[in-house]
Amino acid sequence: MATAPLLLITGASRGIGAATARLAAAQGWEVAINYAHDEAAADAVADAVRALGQRALTLCADVADEGQVRAMFATLDRHARDGGGSLAGLVNNAGVVDVAARLDEMSGVRLQRMLAINVFGTLVCAREAVRRMSTRHGGTGGAIVNLSSAAARLGAPSQYVDYAAAKGAVDSFTVGLAREVAGEGVRVNAVRPGIIDTEIHASGGQPDRARRLAPTVPMQRPGSADEVAQAIAWLLSPAASYTTGAIVDVTGGR
Ligand code: NAP
């Protein structure tokens, strides 16, 4: 039996990343589940992938730490040499918000963390993926999907302009990298979710944010992680073979 292609999803222990892992497994991907803290949650996602008949592995690494990212990709290289799938997809999903604040109230430590995880983490994971998937490096091609946010175009004033700016960088990076590697078999796209019902809002001190802001959404409801996963899975799939450099809004019209 042919080996399934391998998809690495960063921040896949819960939320959008976990939903993407389950959907990708159902669509035939072997899935590598990255997480930073919650090993038990990552293991549960891996069990769900296996229950769908695909292989799964869990990888603890802070995407903001270049050494840990390099070690994670080295583990994937060994995995492929040992008969596992070769890397053919990356979902740059790991991301954080912080508590609502104005810029003039934000500490430098907060700003550094926001950019380190959301921007540096995205770039360094994409770099390692391109080094493996690009035909320029002897690879056979692949697809990268970056998680942006509607905040990139709304700016998130008095909430988190730092997060919005980081996601704006993700949009620019998506367009630039897509054009850089378009002739090397690698497609690069982004999904820009709106208000999605996940635990990210609790981590920003607003557990009821998705429900509270529902009336501001033209569709009058938050989205689900599964609805975002559908867009990610399409961009990863051969059905999106002529789509690169695209930024797909999944926002209920927001
Ligand atoms: P979430 O529920 O808070 O999950 C975040 C995931 O990222 C967790 O698995 C977490 O794992 C992991 N993570 C956090 N810091 C990490 C790090 N330094 N290195 C590796 N993994 C890390 O978030 P979500 O709502 O699913 O959001 C996923 C993506 O969509 C993010 O990029 C977010 O900015 C974007 N997005 C979300 C929304 C929304 O409304 N939910 C809207 C727009 C965009 P551990 O717990 O193990 O650390």
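One can find the structure itself at the top, above this paragraph.
Each value, and the rule that gives it
Residues numbered from 1 in each chain as written. Predicted model: local features only at pLDDT ≥ 70, side-chain atom pairs only at ≥ 80, totals over all residues. Heavy atoms only, no water. Helix = DSSP H or I, 4+ residues; strand = E, 2+ residues; numbered from the N terminus. Buried < 20%, exposed > 50% of the residue type's maximum accessible area, 1.4 Å probe, protein only. Contact = heavy atoms within 4.5 Å. Areas by Shrake-Rupley, 256 points an atom, 1.4 Å probe, with all protein chains shown as cover. Lys, Arg positive; Asp, Glu negative; His and termini not counted. Charge placed at Lys NZ, Arg CZ, Asp CG, Glu CD. Axes fitted to C-alpha atoms, helices over the stretch in contact; angles between N-to-C directions. Parallel < 35°, antiparallel > 145°, perpendicular 65-115°, else oblique. Left-handed = near helix turned anticlockwise from the far one by under 90°. Near = heavy atom within 4 Å. Polar contact = N/O pair within 3.5 Å; in protein donor to acceptor, adjacent residues only side chain to side chain. Nonpolar A, V, L, I, M, F, W, Y, C, P; charged D, E, K, R; others polar. Phe/Tyr/Trp six-rings, centres within 6.5 Å; stacked < 30°, edge-to-face > 60°.

**Q** Teacher, can you tell me more about the overall build of the protein here?
**A** When helices and strands are counted, the protein shows nine helices and seven strands. Across its three principal directions, the C-alpha atoms of the protein cover 50 × 35 × 35 Å. Across the 254 residues that make up the protein, the buried fraction comes to 52%. Considering only residue pairs separated by 6 or more positions, the protein has 74% of its internal contacts joining residues 24 or more positions apart. Looking at the protein as shown, the accessible area adds up to about 11300 Å², and 53% of this sits on carbon and sulfur atoms. Here the protein carries 24 positive and 24 negative side-chain charges, and the mean point of each set is 4 Å from the other.

**Q** Explain the packing of helix α3 (residues 66-81) against helix α4 (residues 108-133) here, please?
**A** When two helices pack together, you describe them by how their axes are tilted relative to each other and by the distance separating the axes. Relative orientation of the contacting elements α3 and α4 amounts to 30°, with a least axis distance of 10 Å. Our classification of the angle between α3 and α4 gives roughly parallel. Taken as a pair, α3 and α4 cross one another with a handedness that is right-handed. Contacts between α3 and α4 involve E66, V69, R70, M72, F73, A74 and D77 from the first element and F120, V124, C125, R127, E128, A129, R131 and R132 from the second.

**Q** I'm lost on the site of the ligand in this one. Help?
**A** Around the ligand lies a shell of 32 residues, among which S13, R14, H37, Y163 and T198 are the nearest. Contact between the ligand and G11: an oxygen atom at 3.2 Å from a main-chain N or O atom of the residue. A distance of 2.7 Å separates an oxygen atom of the ligand from a polar side-chain atom of S13. Out of a free accessible area of 900 Å², the ligand has 96% covered by protein chains. Along the lines of polarity and charge, the residues of the shell around the ligand split into 15 nonpolar, 12 polar and five charged.

**Q** How should I be thinking about the packing of aromatic side chains in this particular structure?
**A** Aromatic ring pairs are reported here in terms of the distance separating the ring centres and the angle at which the planes meet. Per the stated rule, a full pass over the model turns up one aromatic pair. For the pair Y160 and Y163, a centre-to-centre distance of 5.3 Å together with 70° between the ring planes defines the contact as edge-to-face. With a relative accessible area of 5%, Y160 lands in the buried category. On the basis of relative accessible area, Y163 is assigned to the buried category, the value being 10%.

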